[in-house]
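Structural overview for review
In case you want the letters, here they are:
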Protein chains: 4
Amino acid sequence: MTDTNSISQLTDRVCDFSRRRDWEQFHDPKNLAMALAAEVGELNSILRWVPNSDCDEAVHETGMRQRLEAEIGDVAILLLQLCERTGIDFGEAVVAKLQTNSDRYPEAVSRGLPERPS
Amino acid sequence: MTDTNSISQLTDRVCDFSRRRDWEQFHDPKNLAMALAAEVGELNSILRWVPNSDCDEAVHETGMRQRLEAEIGDVAILLLQLCERTGIDFGEAVVAKLQTNSDRYPEAVSRGLPERPS
Amino acid sequence: MTDTNSISQLTDRVCDFSRRRDWEQFHDPKNLAMALAAEVGELNSILRWVPNSDCDEAVHETGMRQRLEAEIGDVAILLLQLCERTGIDFGEAVVAKLQTNSDRYPEAVSRGLPERPS
Amino acid sequence: MTDTNSISQLTDRVCDFSRRRDWEQFHDPKNLAMALAAEVGELNSILRWVPNSDCDEAVHETGMRQRLEAEIGDVAILLLQLCERTGIDFGEAVVAKLQTNSDRYPEAVSRGLPERPS
């Protein structure tokens, strides 16, 4: 059984899926980045006409929820593949970026203000 | 210390970062989807002029690698936030989508053929 | 002087810009699609934290407007390049897609209802 | 008859299509930016597994070409809507951005070198 909280175990599942289909040949970093754009596009497609004021509630409707979970799954799978292919550690990338952002957005001056565009 | 292999621990770190800045007010599912489009756009920006034939090697150059790790960090942070906000489990979404894809792309007929566009 | 209402004249300007820099070598359809993802990501970056209820007004603030015009320019330039490279006519693609959408969304049944996701 | 080379005439067609369905209510700048991310995602989906070395030829296959024309149509329609909604002139945005890029990438030093990421 896969421990669904473990990035390494999820990554193993994802890589095994591709290996069994001989799909690593398509999964260079460039193609994975494009595929991420495609799947994040589908995520945006689901929510594009839902106004901000409704969207926290809308994501709990059954049909919306199923589509959202499927798209989150697609994005997550591709991101794990990209990490594996490039040798970048998912969790370390998260922690490192949070540190960068902590320096960039100190709590005292950033509270309640949206991040500046990067 | 955060266990960087644990999705729940990484999620706690990410949510703590936002809470300390009172940023949850900006992080509804719609805004997070747009932010994902923005960050995946930056990932594509890095690799847009690198040809397929060079990109596995290019991602190991120092400057490229640092930018790539930063963008992967941004995408991962937003994806964890989206899961938290919507109550969708990251790991379960991965496993469920792999199951869907297994049914859609049986090994015997899919080997070496790129996935059909979804 | 370029007639800024003429797609063919704008396309000539865009192609001349690239030719003078010997950049056509980078502008195959795949790379242009990635570059479009990058620039549309920047467009999303600008508006990601602006709520629906404020955004029609927000786009008239000077700084926002300048950034928006620059990003729209980037997206338009890439789209004209993609049309030129693939031999697809921008205006004919618009008219053909409007016809497809007219068949798909008849006025009588579509009035006031958001498009279904494609 | 619409002059398919005229941005203003294409824009009129696009806006008439939306007005007849009472869809302007969904087309604020934020929603249009998300919809652009969705459609550019579909464009990336089409080309994600096609290597650079094949893609100029691949876009002439009939099925690929039809899908590509449809996606270019979708992106162009949304971009014209965004210009109309924000009061930004498509052609002027192109010319202004080319001027900015000319200053940023002088011919003498930029020839044959890919643009730096913006």
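Use the structure listed above.
**Some details on the packing of aromatic side chains**
All told, the structure shown has 14 aromatic pairs over all chains when counted by the stated rule. Judged by centre distance (6.5 Å) and plane angle (50 degrees), the rings of Phe-26 of chain A and Trp-49 of chain D are tilted. With Phe-26 of chain A in the loop between helix H1 (7-20) and helix H2 (29-47) and Trp-49 of chain D in the loop between helix H2 (29-47) and helix H3 (52-58), the pair connects residues from two separate chains. Of the two residues examined, Phe-26 of chain A and Trp-49 of chain D, each falls in the buried class. One aromatic cluster in this structure is built from Phe-17 and Trp-23 of chain A together with Tyr-105 of chain B.

**A closer look at the relation of the copies chain B and chain A**
When chain B is fitted onto chain A, the two copies agree to an RMSD of 0.0 Å after a turn of 180 degrees and an axial shift of 0.0 Å. Such a turn and shift between the copies fits a two-fold axis. No C-alpha of chain B approaches the rotation axis more nearly than that of Ser-6 of chain B, which lies at 2.6 Å. Here 100% of the interface residues in chain B have copies in chain A that are interface residues too; the copies meet face to matching face.

**With respect to the environment of Asn-44 of chain B**
Residue and element names in this part refer to chain B. Within the secondary structure layout, Asn-44 lies in helix H2 (residues 29-47). For Asn-44, a relative accessible area of 0% gives the class buried. Sequence spacing of Asn-44 and Leu-98 is 54 residues, and the spatial spacing of their C-alpha atoms is 24 Å.

**Brief notes about the interface of chain B and chain A**
Each partner contributes residues to the interface: chain B has 78 residues there, and chain A has 78 residues. If you look at where chain B meets chain A, you find six salt bridges. Listing elements by their share of the side of chain B that touches chain A, those giving two or more residues are helix H1 (7-20), H2, helix H3 (52-58), helix H4 (62-86), helix H5 (90-104) and helix H6 (107-110) of chain B. Looking at the side of chain B that touches chain A, the element that brings in the most residues is H4 of chain B, giving 16 residues.

**Some remarks on the packing of helix H2 (residues 29-47) of chain C against helix H4 (residues 62-86) of chain C**
All names here are of chain C. One can describe the packing of H2 onto H4 by two numbers: an axis separation of 9 Å at closest approach and a directional angle of 165 degrees. Relative to H4, H2 is oriented roughly antiparallel. Crossing hand, H2 versus H4: left-handed. Taken together, the residues of the contact of H2 with H4 break down into 15 nonpolar, two polar and six charged.

**What about the side chain of Asn-101 of chain D?**
Here Asn-101 of chain D is to be found in helix H5 (residues 90-104). Assessed through its relative accessible area of 11%, Asn-101 of chain D is described here as buried. Here Asn-101 of chain D is in contact with Phe-17 and Asp-74 of chain C, once residues within four sequence places are set aside.

**Considerations on the relation of the copies chain D and chain C**
With an RMSD of 0.0 Å, chain D superimposes on chain C once it is rotated by 180 degrees and translated 0.0 Å along the axis. When the interface residues of chain D are mapped onto chain C, 100% of them again fall at the interface, so both copies present the same face.

**So, the packing of helix H5 (residues 90-104) of chain C against helix H1 (residues 7-20) of chain D**
Orientation of H5 of chain C relative to H1 of chain D, taken along the N-to-C sense of each, is 15 degrees, at an axis distance of 10 Å. One element, H5 of chain C, and the other, H1 of chain D, form an angle in the roughly parallel class. H1 of chain D is crossed by H5 of chain C, and the crossing has left-handed handedness. Facing H5 of chain C, whose interface residues are Phe-90, Gly-91, Val-94, Val-95, Leu-98, Asn-101 and Ser-102 of chain C, H1 of chain D presents Leu-10, Arg-13, Val-14 and Phe-17 of chain D. A breakdown of the residues in the contact of H5 of chain C with H1 of chain D according to their chemical character gives seven nonpolar, three polar and one charged.

Rules used in this analysis
- Residues numbered from 1 in each chain as written.
- Chains lettered and ligands numbered in written order.
- Predicted model: local features only at pLDDT ≥ 70, side-chain atom pairs only at ≥ 80, totals over all residues.
- Heavy atoms only, no water.
- Phe/Tyr/Trp six-rings, centres within 6.5 Å; stacked < 30°, edge-to-face > 60°.
- Helix = DSSP H or I, 4+ residues; strand = E, 2+ residues; numbered from the N terminus.
- Buried < 20%, exposed > 50% of the residue type's maximum accessible area, 1.4 Å probe, protein only.
- Least-squares fit on C-alpha atoms with pLDDT ≥ 70 in both.
- Contact = heavy atoms within 4.5 Å.
- Salt bridge = Lys/Arg side-chain N within 4 Å of Asp/Glu carboxyl O.
- Axes fitted to C-alpha atoms, helices over the stretch in contact; angles between N-to-C directions.
- Parallel < 35°, antiparallel > 145°, perpendicular 65-115°, else oblique.
- Left-handed = near helix turned anticlockwise from the far one by under 90°.
- Nonpolar A, V, L, I, M, F, W, Y, C, P; charged D, E, K, R; others polar.

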